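# Chains, contacts and geometry: an overview
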Amino acid sequence: MTEFPFPPPVPDLDLLLPRPQRIAVAELLRRLDGAPALEPFSAAAIALCADWSARLLADVRTRNRPALQALGFWLRPAALERLRRTVLERLPPDTLAVPRGLAFLVPAGNVDTLFAYPLALSLLAGNRSVLRLSGRLDGLAPSRDGAMGDAAVLLGLLGEAMERAPDAAASVALVGYGHDDAVSAALSAACDLRAVWGGDGSIAHLRRLPLPARALDLAFGDRSSLMALDCAAVLALDRTGLDRLAEDAANDLYWFDQGACASPRILVWCGGTEQAEEAADRFLPRLDAAAQRAGYRPDPSLAMAKLTALHRTVLDLPVTRCRRFGNRLAVLTLERPERPALAPFGAGTLLETRIPAIEEIGPLVARADQTLGVFGFPSDRLRALARRLNGRGIDRIVPVGRALSFGPVWDGVELPRQFLRLVEIDPHTARPPAPSSSGS
Amino acid sequence: MPDTSPDHQADDLLARLLAAPQFSLPPREKAALLLPLLDGLTARHYRDCPPYRRLLDMLHGGHVPARSLHEVPALPVGLFKTHHLASVPDEAVHAVLTSSGTGGAVSRVVLDAETAALQTRALAAVMTRLLGPKRLPMMIVDHRGTLTGGLSARAAGVLGMMTFGRDHRFALDADLSFDEAQARALLDRAAGGPFLIFGFTALVWRHFLPAAARLGLDLSAGILVHGGGWKTLADQAVDNATFKATLRRETGLTRIHNMYGMAEQVGAVFLEGEDGLLHASNLSDVVIRDPDSWEPVAPGGRGVIQVLSALPRSYPGHSLLTEDVGVLHALDCADGGDSGGNGGGWRGTAFTVTGRLPRAELRGCGDTAGRRGP
């Protein structure tokens, strides 16, 4: 029987950016190690982000792609300066922020554009970053009309920006590889920070690959989200206001086919029974109209899957009513405001229920809930609500329409800070040493 | 006193549809018989199957009598993979038919003795139309082991078809290699007269045709009935025309009939006529629906296939929205060609199956980069 004294060879991977090529993992790590050191919020990193932002905002292909536009705005120099201040000016006393080192980033495989945010944050922190792009990214393939996918446009523009900023680009590697644990294991073993976005199964799988003892393991698993509307506030809207609210809600609902963690799946009406019915009767047709104006149209597979899921939901949950607006919107009513045993399918499916007031949302909230989109509530009541929930779900409360906008706090974690380490410099270092009590 | 119960009326309508030569009825005449049958099944399942009743109440405004075939409410076929849908009590269950779909999950279809018997009668009527009243020597493009081990749709298909032949020979070994001795024995038995070949499309193409061609077997007197889907062949860019032309060139086989059906609707199969199109038997029909609006398409249109069958009494499967995509060619194919002198052309809805909807993956932060596990 043959004994193999060596571990199995680590296969090559595809370096996608910068300069696409086939490369061995060890060689990639050597190159990143040799990249110029960047301090947090370095001029070089900010310049690269700013250039990427400018290209995103100028490119004609991003005109009708709100996700790319939003990223372009998020990466503007003014926005990054605000971010820098939020992060660096609120450090504990007598500390200095430094990069963690090598970050291994594994973003969600089926959201076209979200990978850009952790990549930018890691680069801005000054880390060397290996970001794994999944081959499953829809946006890499042309869409039905033959146009480039979001991710392809995004990567193309990033590539151009990287060409112009070689120093910052040298500390970034966007890679692709098949379902190869050997590559993931080698990158995990080398990194100081591993951040994974994905389904609970994917996270559990990656967690089996060990990290160095001092490395930080960040995981962002499956989350769910809700939208709460104050009935009286909705009923007080004029036609224009109602359409604006509907457009905002459609933004939250239809980006990524309602499949993002922050996409609301449960709609909570706050008010009396009759009020809620009247508000729903006014609002839902406008929501459908907004989706129609936005051109939302699930492809045949998704439409079929949605229809099948709708039937299953009717059988599995105590639904008392179902309203359908073509293929775009299906709204299932739950009479009792209890957390449903399962989340409805996306692609424009909502479970609606009613509570007398937002303060009574507790029984509808689960630990995995991330975003609560709200309309019509004063902020002191929302603060009181967050205090009352006390961490039992809900990491973000945002106005309807901003569920998918990206902020520095992700799933309750202040992401930019996690990408940094703090060096403590005791002010006593400036003084002469005190006499030692141990007589050594 | 005459029996005017719904069941008796249904039996009478079914008997008339079974008695008329299959594929022969003009659409109006057929619909007049089929529609009350299907509507009666909707009423029956609404009464006897609580989940079905709930679905109709929530999604279709209850049981509203259908004014035309396309108004009969349809269930997505995938429901049979996740939910137990039966209109008979457990003690009346005669068999549970299973089919492993491409998605991995298994459909479970509950049959009572009555529905199972109807399926057998219906299949006999359809096959008689194709093969004539006499049972022919039969070659099965499969191996004998398929029949043992569970009532899979494949086994049920083979077993169901075996009743239409005699002197059965299995043309494949357990390892799916060609069994020349068995094949030659069958040809000897047929002695130049007509014989039946039955098998799954992919097995015929991959394991039967190459060997038959290599051995130079003369199959020109054979009638091939095949089904089971084109997915594996479509991956090799083999369509129905290529399939037929190759068989004809290599083996002399000219009478080739594709069969479209599914475990959720056994019996009322759709058969390919001489025109190369699939046709609905007297007991079944199809509606092709535009997946944007779910409205029926006009002839020439493409969409998701809905299948209707008058047979399912023990489970609410008389109107199903499949995950197959097809093209509607004609609502009445008055001149669909003649099937070997058995009388009449192929009337009624004519369509082709062009593929299957790809499995929908909901985009989002859901399942991600780690792996795509088995």
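It should be emphasised that the depicted structure is a prediction, and the values quoted were computed from it without experimental measurement.

Moving on: the overall build of chain B. What chain B contains, in helices and strands, is 10 helices and 14 strands. Across the 374 residues that make up chain B, the buried fraction comes to 52%. Considering only contacts in chain B between residues 6 or more positions apart, those separated by 24 or more positions represent 69%. A total accessible area of about 15600 Å² is found for chain B, and carbon and sulfur atoms account for 54% of it.

Let us look at helix α6 (residues 153-162) of chain B. Residue and element names in this part refer to chain B. Considered for burial, the residues of α6 that qualify are Ala-155, Val-158, Met-161 and Met-162. Buried residues of α6, viewed axially, fall in a sector of 140°; they line one side. Against α5 (113-131), β4 (136-141), β5 (165-170), β6 (195-200) and β7 (222-227) lie the buried residues of α6.

On the surface, Leu-96, Val-423 and Ile-425 of chain A cluster together into a nonpolar patch covering about 240 Å² of accessible area. Topologically, Leu-96 of chain A is positioned in strand β3 (residues 95-99).

Attention now moves to the side chain of Arg-194 of chain A. Residues and elements named next belong to chain A. If you trace the backbone, Arg-194 turns up in strand β7 (residues 193-197). Side-chain polar atoms of Arg-194 contact the side chain of Ser-188, separated by 3.0 Å. Apart from the residues within four sequence positions on either side, Arg-194 is in contact with Phe-104, Ser-188, Leu-206, Arg-207, Leu-209, Leu-211, Leu-216, Asp-217 and Leu-218.

What follows covers the confidence of the model for chain B. Residues and elements named next belong to chain B. Residues with a pLDDT of 70 or more make up 90% of chain B, whose mean pLDDT is 85. Confidence drops under a pLDDT of 50 for residues 336-344, and excluding neighbours within four residues, the segment shows 23 contacts in the predicted structure. Across residues 363-374 the pLDDT falls below 50, and counting only partners more than four positions away or on other chains, this stretch makes 54 contacts in the model.

What follows is about the sheet that holds strand β10 (residues 264-270) of chain A. All names here are of chain A. On the basis of which strands lie adjacent, the open sheet formed by 7 strands has the order β11-β12-β13-β10-β9-β14-β15 and mixed pairing. Every interior strand has two partners, whereas the edge strands, β11 (319-325) and β15 (396-399), have only one. Each adjacent strand pair in this sheet contributes to an overall mean axis angle of 25°, direction not counted. Both strand β9 (residues 224-230) and strand β14 (residues 369-375) contribute to a ladder of 5 bridges, which runs parallel. For Ser-224, the partnering residue across the bridge sits in β14 and is Asp-369. Against the sheet, helix α12 (residues 273-293) touches β9, β10, β11, β12 (329-334) and β13 (349-355), its axis set at about 30° to β11.

What follows is about the nonpolar core. Taken as a class, soluble globular proteins show a tendency for nonpolar side chains to be buried jointly. If you look at the biggest cluster of nonpolar residues, it comprises 62 residues, and the most contacted ones within it are Trp-52, Leu-71, Trp-74, Leu-174 and Leu-415 of chain A. In this view, Leu-71 of chain A contacts Trp-52, Leu-56, Ala-116, Tyr-117 and Leu-154 of chain A; residues no more than four positions away in its chain are not counted. Among the nonpolar cores identified, the runner-up in size contains 51 residues, and Phe-23, Leu-123, Leu-196 and Val-225 of chain B belong to it.

This part is about the pairing of β10 of chain A. Residue and element names in this part refer to chain A. The buried count for β10 comes to 7 of 7 residues, which makes it a mostly enclosed element. Across 6 bridges, the pairing between β9 and β10 is parallel. Residue pairing across strands places Asp-230 opposite Cys-270, the latter belonging to β10. Both β10 and β13 contribute to a ladder of 5 bridges, which runs parallel. Paired with Ile-266 across the bridge in β13 is Leu-351.

Turning our eyes to something else, we now look at the domain arrangement of chain A. Residue and element names in this part refer to chain A. Per the domain assignment, the segments making up chain A are domain 1 (12-221 + 411-423) and domain 2 (224-409). At the interface, 19 residues of domain 1 touch 11 residues of domain 2. Where domain 1 touches domain 2, the interface holds 0 salt bridges. Applying the counting criterion to the domain 1 and domain 2 interface returns 0 residue pairs in polar contact (both at pLDDT 80 or more). Broken down by secondary-structure element, the contributors of at least two residues to the side of domain 1 that touches domain 2 are α3 (66-74), α5 (116-125), β17 (413-414) and α15 (415-418). Among the residues making up the side of domain 1 that touches domain 2, the classes are represented as 12 nonpolar, 3 polar and 4 charged.

Our focus in this paragraph is the packing of helix α2 (residues 43-58) of chain A against α3 of chain A. All names here are of chain A. It is at 8 Å that the axes of α2 and α3 come closest, and there the two elements cross at 145°. The crossing of α2 and α3 is left-handed. Where α2 approaches α3, its residues Trp-52, Ser-53, Leu-56 and Leu-57 are matched on the opposing element by Leu-68, Gln-69, Leu-71, Gly-72 and Phe-73. Taken together, the residues that form the contact of α2 with α3 break down as 6 nonpolar, 3 polar and no charged.

Here is what the cut-offs are and how they apply
Residues numbered from 1 in each chain as written. Chains lettered and ligands numbered in written order. Predicted model: local features only at pLDDT ≥ 70, side-chain atom pairs only at ≥ 80, totals over all residues. Heavy atoms only, no water. Helix = DSSP H or I, 4+ residues; strand = E, 2+ residues; numbered from the N terminus. Buried < 20%, exposed > 50% of the residue type's maximum accessible area, 1.4 Å probe, protein only. Contact = heavy atoms within 4.5 Å. Areas by Shrake-Rupley, 256 points an atom, 1.4 Å probe, with all protein chains shown as cover. Arc of directions from axis to C-beta. Patch = residues over 30% accessible without salt bridge, like charges linked within 9 Å, V, L, I, M, F, W, Y side chains within 5 Å. Salt bridge = Lys/Arg side-chain N within 4 Å of Asp/Glu carboxyl O. Polar contact = N/O pair within 3.5 Å; in protein donor to acceptor, adjacent residues only side chain to side chain. pLDDT = per-residue confidence, 0-100. Pairing = 2+ DSSP bridges. Axes fitted to C-alpha atoms, helices over the stretch in contact; angles between N-to-C directions. Core = buried A, V, L, I, M, F, W, Y, C linked by side-chain atoms within 4.5 Å. Domains from an automatic or database assignment. Nonpolar A, V, L, I, M, F, W, Y, C, P; charged D, E, K, R; others polar. Left-handed = near helix turned anticlockwise from the far one by under 90°.

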